[in-house]
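As a plain string of letters, each chain reads:
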Amino acid sequence: MAGERARAWAEFRRMILWIALAGVLMVAGSLWYLSLYDALYPSAIAATVGGVFLSTLLGCGLFAAAFFSDKSGHDRSVSDATTHEEER
C-alpha cells in the first residue's frame, strides 16, 4: 500500500508539472491571439494571465486530484468503510 501511494504521488507531481506547462502555453497563445486584434494593456495582460492560467490549473488540477485519489487507494478505503461486514 505504501508503494502504491508513493507511485501515485510521483505521478501526481508529474501531472501537475504538465498541467502548469499547458497553462503557460495557453497563456502565451491567448496573449498572442489578443495581440493580433488590439494593443495589449497591462490590465488586459494581467487579466488574461490570471484568468487563463488559473482556470487551466483549477480545471485540470481537480481532474488530477481525482485520479490521484483513485490511484493512491483513498477511494478504496472510503468505500470499504461504508460497506457492511456481510458484504465484504
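Note that the coordinates shown come from a computational prediction; the quantities given were computed from them, not determined experimentally.

(A) How the structure looks around the packing of helix H1 (residues 2–37) against helix H2 (residues 42–72). Close contact between H1 and H2 brings their axes to 8 Å; oriented N to C, the two are set at 160 degrees. In terms of orientation, H1 and H2 fall into the roughly antiparallel class. For the pair H1 and H2, the crossing hand works out as right-handed. Of the residues assigned to the contact of H1 with H2, the class counts are 22 nonpolar, 6 polar and 4 charged.

(B) A look at the nonpolar core. Ala8, Phe12, Ile19, Ala64 and Phe68 together form the largest nonpolar core, which totals 5 residues. If you list the elements that add at least two residues to this core, you get H1 and H2. It is H1 that contributes the most residues to this core, 3 residues altogether. In this structure, isoleucine 19 is in contact with Thr56, Leu57, Cys60, Gly61 and Ala64, ignoring residues within four places of it in sequence.

Scoring rules and cut-offs
Residues numbered from 1 in each chain as written. Predicted model: local features only at pLDDT ≥ 70, side-chain atom pairs only at ≥ 80, totals over all residues. Heavy atoms only, no water. Axes fitted to C-alpha atoms, helices over the stretch in contact; angles between N-to-C directions. Helix = DSSP H or I, 4+ residues; strand = E, 2+ residues; numbered from the N terminus. Parallel < 35°, antiparallel > 145°, perpendicular 65-115°, else oblique. Left-handed = near helix turned anticlockwise from the far one by under 90°. Nonpolar A, V, L, I, M, F, W, Y, C, P; charged D, E, K, R; others polar. Core = buried A, V, L, I, M, F, W, Y, C linked by side-chain atoms within 4.5 Å. Buried < 20%, exposed > 50% of the residue type's maximum accessible area, 1.4 Å probe, protein only. Contact = heavy atoms within 4.5 Å.

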